[in-house]
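Notes for the structure review
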Amino acid sequence: MRPIRWGILGCGRIAGKFTADLKLVDGAVLHAAASTDLTRAQEFARTHGFRHAFGSYRELCESEVDVIYVATPHGLHHSHVRLCLEYGKAVLCEKAFTLNVRQLDELITLARARNIFMMEAFWTRFTPQYMKARQMAESGAIGQIKMVSADFGFRAPVPLAQRLFDPQLGGGA
């Protein structure tokens with residue numbers, strides 16, 4: 001299996017957490033990190049061991065990365081994933097993928113038309129307990145499912161981060 005050169009688009013906290021786990025993946029090469037601030041990209045690259053740092057997302061897309069992890073704020077995902085796809089780069093995008101279904105449909109259409117891998121980084125879908133629950137549901141082992149009740153919540157930091165609650169920035173439920 002040939003090494004896969006990873007690029008990180010957006011050098012924030014979530015990108016750092018993702019990169020820490022990516023280092024544990026056989027064949028993953030930490031190739032490049034990009035931010036709109038070159039100094040920030042350089043610091044992120046130095047801290048996490050990336051070979052290159054770029055001060056623009058376009059430079060990252062023009063580089064020799066195989067796949068790009070998009071870790072910018074939710075409201076920017078659509079335009080950033082689109083940029084990656086336009087350059088023919090495979091994409092793993094942090095959740096939430098887009099702010100609405102119209103944006104998502106546009107990206108799916110583009111990725112399919114160009115035969116490019118694109119996926120939301122919804123990691124919980126691949127945990128052993130989720131896979132077992134799905135297997136049990138599909139096999140009928142737990143009977144017919146008539147309803148599912150689920151929630152996701154967290155204690156919001158004080159002061160409240162605007163991006164967590166502003167729908168225009170992808171915040172809220």
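Please refer to the structure placed before this passage.
Throughout what follows, the structure given in this document is the object of discussion. Not measured: the values here are computed from a predicted model.

1. Things to note about the environment of valine 101
- For valine 101, the position within the fold is in helix H5 (residues 101-114).
- Sequence separation between valine 101 and alanine 15 is 86 residues; the distance between their C-alpha atoms is 25 Å.

2. Points about the sheet that holds strand S1 (residues 4-9)
- On the basis of which strands lie adjacent, the open sheet formed by six strands has the order S3-S2-S1-S4-S5-S6 and parallel pairing. The open sheet has two edge strands with one neighbour each: strand S3 (52-54) and strand S6 (118-120). Pairs of neighbouring strands in the sheet enclose a mean axial angle of 20 degrees, with direction left out of account.
- In this sheet, S6 lies alongside strand S5 (residues 90-93) in parallel orientation, the contact comprising three bridges. Bridging across to S6, valine 91 finds its partner in methionine 118.
- Against the sheet, helix H1 (residues 13-22) touches S1, strand S2 (28-34), strand S4 (67-70) and S5, its axis set at about 165 degrees to S1.
- Against the sheet, helix H2 (residues 38-48) contacts S1, S2 and S3, and its axis sits at roughly 160 degrees relative to S3.

3. Concerning the packing of aromatic side chains
- For the coordinates displayed, the defined rule picks out three aromatic pairs.
- Ring centres of tryptophan 6 and phenylalanine 18 lie 5.6 Å apart, and the angle between their planes is 55 degrees; this geometry places the pair in the tilted category. Pair noted here: tryptophan 6 is in strand S1 and phenylalanine 18 is in helix H1, with a separation of 12 residues, a long-range link.
- Residue classification places tryptophan 6 among the buried residues on the basis of a relative accessible area of 13%.

4. Considerations on the packing of helix H4 (residues 77-86) against H5
- Interhelical geometry of H4 versus H5 gives an angle of 10 degrees and a closest axis separation of 10 Å. In this view, H4 runs roughly parallel relative to H5, as classed from their interaxial angle. Packed against H4, whose contacting residues are His78, Val81, Arg82, Leu85 and Glu86, the element H5 presents Gln103, Glu106, Leu107, Leu110, Ala111 and Arg114 at the interface.
- Of the residues contributing to the contact of H4 with H5, the split by class is five nonpolar, two polar and four charged.

Parameters at a glance
- The written sequence of each chain sets the order in which its residues are numbered from 1.
- Local features in a predicted model are, by the rule used here, given only for residues with pLDDT of at least 70; side-chain atom pairs are given and counted only at 80 or more, and totals for whole chains, interfaces and linings are based on all residues.
- The side-chain values count all of the structure's non-hydrogen atoms but skip hydrogen atoms and water molecules.
- What counts as a helix is a DSSP run of H or I of at least four residues, what counts as a strand is a run of E of at least two, and both are numbered from the N terminus.
- Being paired, for any two strands, means DSSP has found at least two bridges between them.
- Lines fitted to the C-alpha atoms define the axes, with helices restricted to the stretch that makes contact. Angles between their N-to-C directions range from 0 to 180 degrees.
- Contact between two residues is taken to exist if any of their heavy atoms lie within 4.5 Å; hydrogens are not considered.
- Within 6.5 Å between ring centres, the rings of Phe, Tyr and Trp (the latter by its six-membered ring) count as paired, and their orientation is classed by plane angle as stacked under 30 degrees, edge-to-face over 60, tilted in between.
- Partly exposed residues are those whose accessible area sits between 20% and 50% of the maximum for their type, while under 20% is buried and over 50% is exposed, using a 1.4 Å probe and protein chains only.
- The cut-offs work like this: below 35 degrees is roughly parallel, past 145 is roughly antiparallel, 65 to 115 is roughly perpendicular, and the gaps in between are oblique.
- Residue polarity is assigned by list, with Asp, Glu, Lys and Arg as charged and Ala, Val, Leu, Ile, Met, Phe, Trp, Tyr, Cys and Pro as nonpolar; anything else, Gly included, falls into the polar class.

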